Amino acid sequence: MTNTTTTETEADTRIIDMHVHSSASDGTFSPRALLAEAKKAGLCAMALTDHDTMDGVEEAAAAAKELGIELVPGVEISTEYHGREIHVLGYYVSPQYPRLKAMLEEFRDFRATRNERMVERLQEEGFSITMEALVQKFPDSVLTRAHVARYLCETGQLPDIRTAFGEYLGENCRCYIQRPKISPVEAVTLILEAGGIAVLAHPVLCNLPEEELRQMILEMKQAGMCGLEAVYSENTADDELHMRSLAEEFGLLISGGSDFHGKNKPDIKLGTGKGNLYIPYAFLQRFKDFKDNYHK
């Protein structure tokens, strides 16, 4: 995997990461610890984009101020399009916007029930796992599928996380529990209402046929989406070139992020992904300029 196709020529060499997760969702670093890692990694700015929650933003903002790092308050919203799970990144959204807050609270409340049902299905498959054991192993964490996968691997019941998701916990697998979702267009609309800007996360991972992907991008663009995450840890050089081409065709800005989760994605490093990710501050500046003009 490589991201060496980046062609930014600006003199500003500051680096950033616009897709990062904390323990407020399925990362393993607390928001405060995450900012300390960002400082060590030499980042000047970072977007906290936890899955379907903004609970970590306040703690992250306080740490960012102390460490002199620019924090972008964000969220990664789970949506569905033609039966596929699609993630939409919202940058600079207000956590207190009533409609967004209500939706995220609904997702949070469902997550607890979902975990219990998932554990029951795993037990039926013969795995030794209980909610009590998960809580004991991951105290003070918002339990997600990633924690369940780690538990099964670290207790020697499965060989690796890829197997856990590929056979049991991934979408449409036998222990997967469907959760309430909204459409990508609805997510874009909600993000804009909350004062933010919307970006399609890791388009390659949407696993949509080309024409469906293009149609979805068009619909999201018409709803107000302003960017694509073209620079991403899992992209090949060809993937990145393709996403950059789509962004140019649809008049969208380019975003980039590692999708750092700590120990839940141990091969992904903050800021550098799999070692060669490069996300210049120029990306963020363009989004800031767009936001200032859009939300005047």
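Provided above is the structure to which this section pertains.
Attention in this report is confined to the structure presented alongside it. Since the model is a prediction, treat every value here as computed from it, not as a measurement.

### Considering the nonpolar core
Counting residues in each nonpolar core, the largest one holds 70 residues, and the members touching the most others are Ile16, Tyr91, Leu100, Leu200, Met216, Ile217 and Met225. Sorting elements by how many residues they give to this core places strand E2 (residues 43-48) first, with 6 residues. Apart from the residues within four sequence positions on either side, Leu100 is in contact with Met54, Ile77, Val93, Ser94, Leu190 and Ala194.

### Some remarks on helix H9 (residues 237-250)
For H9, which comprises 14 residues, the first-to-last C-alpha distance of 20 Å matches the rise-based estimate of 20 Å (1.5 Å per residue) to within 8%. On its buried face, H9 sits against helix H8 (210-223), strand E6 (227-232), strand E7 (253-257) and helix H10 (281-294).

### What to know about the pattern of salt bridges
Tallied over the entire structure, the rule returns 15 salt bridges. A single network of salt bridges, built from pairs that share partners, joins Lys137, Arg150 and Glu154.

### Quick word on the packing of helix H5 (residues 145-154) against helix H6 (residues 161-169)
Look at H5 against H6: their axes get within 9 Å of each other, and the N-to-C directions meet at 115°. Here H5 runs over H6; the crossing is right-handed. In this structure, H5 uses Arg145, Ala146, Val148, Ala149, Arg150 and Cys153 to contact H6, whose residues at the interface are Ile161, Ala164, Phe165 and Leu169.

### Regarding the sheet that holds E6
Judged by pairing direction, the sheet is mixed, and its 7 strands sit side by side in the order E1-E2-E3-E4-E5-E6-E7 without closing on themselves. Whereas interior strands pair on both sides, the edge strands pair on one side only; in this sheet they are strand E1 (15-20) and E7. The average undirected angle you get between the axes of adjacent strands in this sheet is 35°. Looking at chain direction, strand E3 (residues 70-81) and strand E4 (residues 84-91) are connected through 8 bridges and run antiparallel. If you follow Thr79 over to E4, its bridge partner there is Ile86. This element, helix H1 (residues 31-40), spans E1, E2 and E3 of the sheet and lies at about 150° to E2. Set on the sheet, H10 makes contact with E1, E2, E3, strand E5 (197-200), E6 and E7; between it and E7 the angle comes to about 130°.

What counts as what
Residues numbered from 1 in each chain as written. Predicted model: local features only at pLDDT ≥ 70, side-chain atom pairs only at ≥ 80, totals over all residues. Heavy atoms only, no water. Core = buried A, V, L, I, M, F, W, Y, C linked by side-chain atoms within 4.5 Å. Buried < 20%, exposed > 50% of the residue type's maximum accessible area, 1.4 Å probe, protein only. Helix = DSSP H or I, 4+ residues; strand = E, 2+ residues; numbered from the N terminus. Contact = heavy atoms within 4.5 Å. Expected span 1.5 Å × (residues − 1). Salt bridge = Lys/Arg side-chain N within 4 Å of Asp/Glu carboxyl O. Axes fitted to C-alpha atoms, helices over the stretch in contact; angles between N-to-C directions. Left-handed = near helix turned anticlockwise from the far one by under 90°. Pairing = 2+ DSSP bridges.

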